[in-house]
Amino acid sequence: MNSKLLPWQAKLWQSLAGRNQQAHAYLLHGPAGSGKRELAECFAAFLLCRAPVAQQPCRRCTACKLYAADTHPDLIRLEPEEAGKAILIASVRDLVERILQTSQQGGRKVVIVEPAEAMTTGSANALLKSLEEPAGSTIFVLISHQLSFLLPTIKSRCVLQACPLPTEQESVNWLQEQQPELSVEQCRTLIALASGAPLYAKKLLADDVLTVRDQVVNGVKQLFKQQSTPSELAVAWAKIPQELLFDWFCQWAQLILRYKITEDESQLGLADMRVVLKFVASKAPLERLLETQDWLLEHRQKVLRRVPLRADLLLEGLLVRWQALLPR
Ligand SMILES: [Zn+2]
């Protein structure tokens, strides 16, 4: 592993590495895509290093070399076997057994748990005792994107460290440094699409979301000009993740409603849809807007909870409602 602190994490680093005495357990929490994993990895490297220099791992000792080669035997990462699944009680029991053994390098052991909310109640309970009285000099670093999903008993045993999102400017600067081929405008768009989370924005870019966004925005314009029908668009958009489509349409419905009430043009979201949203706000009856928003929110929940629905019918239903916002 070759972890590097992100530019907006200097203060966070100070509050972790700068402590006089290390706690047994930390809980890094904040929005997904803000860089908690990178911070946890840097912290683990620091905790394992046998001779840190100026609150940084020395990168020369055996522990640092083992960490860099991703073969440090006293660093354990506890994760779901598959993304989005639970951390199983059997995995926690294995972990507890491993930390009871003496450390192989004679120093600390570090355990990273990500995401902590993936632990079932059983898994969390199996971990509690170790969290409270870690064997030897084990340090736990838990990561959570959804603090409210964690058991209070887990939270109360950890030092909580909030990891907020960087400012928009910091995010844009970072993304542009990572992807020099992008314009500042494209970086801003990606950061906005990622709700301000820079690492999530980078993932969206890898998934080619800018192209998808163009396709969807053009589709919506064609729909209103009656150049495309809902069923044609539903077919054309079949491969676009439904979470993404529902996110965007929910945001648009909200922006239209907000503009209808405030008439504040600075609150119309990304430039690509402003003219359309403003137009719809001027034409759509309030009652129909509210109904459409209810429908969108209800079906977005179903999509997020992976309720089995016919994808083509769902999309067509969405687009029929969207088209009906403009009275004929
Ligand atoms: Zn070192």
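Basis of the calculations
- Per chain, residue numbering runs from 1 following the sequence as it is written.
- Thresholds applied to this predicted model are a pLDDT of at least 70 for local features of residues and 80 or more for the giving and counting of side-chain atom pairs; totals over whole chains, interfaces and linings are not thresholded and use all residues.
- Just so you know, side-chain values use all the structure's heavy atoms and leave hydrogens and water out.
- UniProt positions are given in the numbering used here, feature names are shortened, and annotations may be inferred rather than shown by experiment.
- Only when DSSP finds a minimum of two bridges between them are two strands counted as paired.
- Per the convention used, a helix needs a DSSP run of H or I reaching at least four residues, while a strand needs a run of E reaching at least two, with both numbered from the N terminus.
- Axis lines are fitted through C-alpha atoms, for helices just across the contact stretch, and the angle between N-to-C directions can take any value from 0 to 180 degrees.
- Coordinating N, O and S atoms are those within 2.8 Å of the metal (3.2 Å for Na, K and Ca), and as water is not part of the atoms, a site may appear to have fewer donors than expected.
- Here the metal geometry follows the donor angles, with tetrahedral for four donors whose angles all fall between 85 and 135 degrees, square planar for four and octahedral for six when opposite donors are more than 155 degrees apart and every other angle is between 65 and 115, and irregular for all the rest.
- Whether a residue is buried, partly exposed or exposed follows from its accessible area with a 1.4 Å probe, protein chains only, as a fraction of its type maximum: under 20%, in between, or over 50%, in that order.
- The term salt bridge refers to a pairing of a side-chain nitrogen on Lys or Arg with a carboxyl oxygen on Asp or Glu at a separation within 4 Å.

If you check an unreviewed UniProt entry, the protein appears there as DNA polymerase III subunit delta' from Denitrificimonas halotolerans. As recorded by UniProt, the Catalytic activity (unreviewed entry) comment attached to the protein reads in full: "DNA(n) + a 2'-deoxyribonucleoside 5'-triphosphate = DNA(n+1) + diphosphate".

1. What to know about the sheet that holds strand β1 (residues 25-29)
What the five strands build is an open sheet, ordered β2-β3-β4-β1-β5; its pairing is parallel. In the strand order of this sheet, the two ends are held by β2 (75-78) and β5 (159-162), each with one partner. Neighbour-to-neighbour, the strand axes of the sheet open up by a mean angle of 20 degrees, direction not taken into account. Judged from the five bridges that link them, β1 and strand β4 (residues 138-144) form a sheet pairing that is parallel. Within the sheet, the bridge partner assigned to Ala-25 lies in β4 and is Phe-140.

2. Brief notes about the coordination of the zinc ion
Donor atoms from the polypeptide that coordinate the zinc ion comprise Cys-49 (SG), Cys-58 (SG), Cys-61 (SG) and Cys-64 (SG), at 2.3 to 2.4 Å from the metal. Considering all four donor atoms around the zinc ion, the spread of angles at the metal, 104 to 118 degrees, places the coordination shape in the tetrahedral class. In terms of primary sequence, the donors binding the zinc ion are separated according to C-x8-C-x2-C-x2-C. Cys-64 matches Cys-58 in its accessibility class, with the two residues each being buried.

3. Re the pattern of salt bridges
Tallied over the entire structure, the rule returns 15 salt bridges. Residue Arg-77 is joined to Glu-41 by a salt bridge in which the shortest nitrogen-to-oxygen separation is 2.8 Å. In this pair, Arg-77 is assigned in strand β2 and Glu-41 in helix α2 (residues 36-48), connecting sequence segments 36 residues apart. In this structure Glu-41 comes out as buried when scored by relative accessible area, which is 3%. A salt bridge links Lys-278 to Glu-265; the nearest nitrogen and oxygen atoms lie 2.6 Å apart. With Lys-278 in helix α13 (residues 274-283) and Glu-265 in the loop between α12 (242-262) and α13, the pair connects residues that are 13 residues apart, well separated along the chain. Residue classification places Glu-265 among the partly exposed residues on the basis of a relative accessible area of 46%. What you see here is one network of salt bridges that share partners, running through Arg-37, Glu-41, Asp-70, Arg-77, Glu-79 and Glu-114.

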